[in-house]
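Fold and contact review
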Amino acid sequence: MSNTESTAASKSDQGRPYNTKATGEALKTVEAHQDDQVDITLFGSCFCPFVQRVWVMLEALEIPYKVEVDPYKKPKELLELSPKGLVPALKLNNFTPPRALNESTVIMEYLEDLAESSTKKTVLPLPFNPYARALARLAADQACRSLVPAFYRYLQAQDVEKQTTAGLEFQDAIDVFIALLGRAENEILGPGAISGEGEAAMLRKGLGLWIEGNTELGWADIMAAPWLFRAKVVLGHYRGYRFAPGDRVQRYLERVFEHPHFKATCSDEQLYYDSYERYAFNRPNTSQVATAINEGRALP
Ligand SMILES: N[C@@H](CCC(=O)N[C@@H](CS)C(=O)NCC(=O)O)C(=O)O
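Residues numbered from 1 in each chain as written. Predicted model: local features only at pLDDT ≥ 70, side-chain atom pairs only at ≥ 80, totals over all residues. Heavy atoms only, no water.

1. Quick notes on the pattern of salt bridges
Quick note on the threshold: By definition here, a salt bridge exists when the distance from a side-chain nitrogen of Lys or Arg to a carboxyl oxygen of Asp or Glu is within 4 Å. The secondary structure listing takes helices from DSSP runs of H or I that are at least 4 residues long and strands from runs of E that are at least 2 residues long, numbered from the N terminus. Type-normalised accessible area, obtained with a 1.4 Å probe on protein chains alone, sets the label of each residue: buried when under 20%, exposed when over 50%, and partly exposed for intermediate values.
All chains considered together, the criterion is met by 20 salt bridges. Here R16 ties to D274 by a salt bridge, and the two come within 2.8 Å at their closest N and O atoms. With R16 in the loop between helix 1 (3–10) and helix 2 (24–31) and D274 in helix 12 (residues 269–275), the pair connects residues that are 258 residues apart, well separated along the chain. Residue R16 is classed as buried on the basis of its relative accessible area of 14%.

2. Regarding the side chain of Q171
The following threshold applies: The contact criterion used throughout is that any non-hydrogen atoms of two residues lie within 4.5 Å.
Along the chain, Q171 turns up in helix 7 (residues 160–189). Other than its neighbours up to four places away in sequence, Q171 contacts Y241, R242, F243 and A244.

3. Focus on the nonpolar core
As a reminder of what qualifies: Among buried residues, those of type Ala, Val, Leu, Ile, Met, Phe, Trp, Tyr and Cys that are joined through side-chain atoms within 4.5 Å constitute a nonpolar core. Where each domain starts and ends follows an automatic or database-derived domain assignment.
In this structure, L111, Y152, L155, F170, F177, L228 and Y252 are the most contacted members of the largest nonpolar core, which totals 95 residues. No other element matches helix 9 (residues 219–239), which puts 14 residues into this core. Two domains share this core, each providing at least three of its residues, namely domain 1 (20–117) and domain 2 (130–294). The residues contacting L111, other than those within four sequence positions of it, are I40, V54, M57, L58, L61, I63 and L90.

4. Structural notes on helix 3 (residues 49–60)
For the record, the criterion: Expected span, for any helix, means 1.5 Å times one less than how many residues it has.
Along its 12 residues, helix 3 runs 16 Å from first to last C-alpha, staying within 8% of the 16 Å computed at 1.5 Å per residue. Where burial is concerned, most of helix 3 is hidden: 12 out of the 12 residues are buried. Of the positions making up helix 3, those classed as buried are P49, F50, V51, Q52, R53, V54, W55, V56, M57, L58, E59 and A60. Phi for E62, located one or two positions after helix 3, is positive at around 55 degrees.

5. Observations regarding the packing of aromatic side chains
The way to describe two aromatic rings as a pair is by their centre distance and the angle between their planes. Definition in use: A pair of aromatic rings is counted whenever rings of Phe, Tyr or Trp (Trp by its six-membered ring) have centres within 6.5 Å, and the orientation is called stacked for planes under 30 degrees apart, edge-to-face for over 60 and tilted otherwise.
Within the structure shown, the criterion is met by 18 aromatic pairs. Taking 4.8 Å as the distance between ring centres and 75 degrees as the angle between the ring planes, the aromatic pair formed by F50 and W227 counts as edge-to-face. Pair noted here: F50 is in helix 3 and W227 is in helix 9, with a separation of 177 residues, a long-range link. Each member of the pair, F50 together with W227, is buried. Geometrically, the ring pair formed by Y152 and Y279 is tilted, given 5.7 Å between the ring centres and 45 degrees between the ring planes. With Y152 in helix 6 (residues 130–156) and Y279 in helix 13 (residues 277–280), the pair connects residues that are 127 residues apart, well separated along the chain. Like Y279, Y152 is buried. Put simply, the rings of Y18, F47, F151, Y152, Y154, F170, Y241, F243, Y276 and Y279 pair up and form one aromatic cluster.

6. So, the site of the ligand
For the record, the criterion: Here, proximity means that at least one heavy atom of the residue falls within 4 Å of the molecule or strand. Each polar contact in these results corresponds to two N or O atoms within 3.5 Å; when the atoms are within protein, one needs to be able to donate a hydrogen and the other to accept it, and residues that are neighboring in sequence are counted only if both atoms are side-chain atoms. Accessible surface is estimated by sampling points in the Shrake-Rupley manner with a 1.4 Å probe; for residues, cover comes only from the protein chains shown. The residue classification treats Ala, Val, Leu, Ile, Met, Phe, Trp, Tyr, Cys and Pro as nonpolar and Asp, Glu, Lys and Arg as charged. All others, Gly included, are polar.
Within the structure, the ligand sits among 14 residues, and C48, V87, S104, Q288 and P300 are positioned closest to it. Backbone polar atom of Q288 to an oxygen atom of the ligand: 2.7 Å apart, as the coordinates give it. For the ligand, a nitrogen atom lies 2.7 Å from a polar atom in the backbone of P300. With the chains in place, 94% of the 510 Å² that the ligand exposes on its own is no longer accessible. For the shell around the ligand, the secondary structure elements donating two or more residues are helix 3 and helix 14 (288–294). For the shell around the ligand, the residue count by class is 9 nonpolar, 3 polar and 2 charged. Built from parts of two domains, the shell around the ligand gets at least three residues from each of domain 1 (20–117) and domain 2 (130–294).

7. Quick look at the domain arrangement of the protein
Here is the rule: Computed with a 1.4 Å rolling probe, the buried area is the accessible surface lost when two parts are put together, summed over both parts.
When cut into domains, the protein gives domain 1 (20–117) and domain 2 (130–294). Measuring from the centre of the C-alpha atoms in domain 1 to the corresponding centre in domain 2 gives 21 Å. Listed per partner, the contact involves 27 residues of domain 1 and 28 residues of domain 2. Of the roughly 2400 Å² buried between domain 1 and domain 2, counting both surfaces, carbon and sulfur atoms make up 61%. Along the contact surface separating domain 1 from domain 2 lie 1 salt bridge. Ionic pairing is found between E109 and R137, a salt bridge with its closest N-O pair at 4.0 Å. Counting every contact that joins domain 1 to domain 2 gives 10 residue pairs in polar contact (both at pLDDT 80 or more). Sorting the residues of the side of domain 1 that touches domain 2 by element identifies helix 2, helix 3 and helix 5 (104–117) as the ones contributing at least two each. Grouping the amino acids of the side of domain 1 that touches domain 2 by side-chain chemistry returns 14 nonpolar, 5 polar and 8 charged.

Shown next, in the form of structure tokens:
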């Protein structure tokens, strides 16, 4: 029996701590990003989905960076960058003294703006069509405000009845997210779309991997992917969750999970089983996010 099978079968809290060091592809990426002579240092922890968002952005936009893992114990250096001691945080080394940014969504906006004048890469539809950009952001907003909290509610729910309700709510949050990706596709590229053919071809790229044939991650993909991946791995393991069947959705998820920029930031599955055990058994003092969920408050 493999490690994974024995963990899945036992389903009891083994008191495993979160991992402090990336494994697999993510470890290779960490090792390839240790050059001190770069403008951006990403403070992150290897299992954190909020960090993964930012990490995927750096990869997708080809912005040079250095990555530090396990600042979870709140070293002074992190607290100077991120007031609540949350990761991700960016240290911006090109300012004297260095400046800082926290909040994954704000950092994503910052990197998108930065890339406009540096690497010329983007993960959004081009600015000549603000409506197409807004539709991509609408799906991303659904990921932030519904899908992410629903993920934690489901994972932290302890009795079967609450797990069933939370599971349905989580699936609903995914369905709405997918519907919004579909809406962007229909309204920008579909029959009677507002754009002409040339314009549609230019906008198509920025709509991300939902669009069959597209090869680059989009804004909404990056916003949601870390939790979609943890739904497959962690909720699959601890809650028996499976994505609702549907060929198009399955193909989309596969394209996201297999995308080189996403894969480069993923550790081996065992790391996620271990790191999320404390959430799955709702141990006290797991994290600020877990506490907020237990107290019915907004996420930090
Ligand atoms: N709103 C923040 C949330 C970040 C967050 O909660 N990060 C977790 C790791 S996944 C953290 O740093 N937790 C430390 C703690 O709970 O003290 C963001 O989007 O960046």
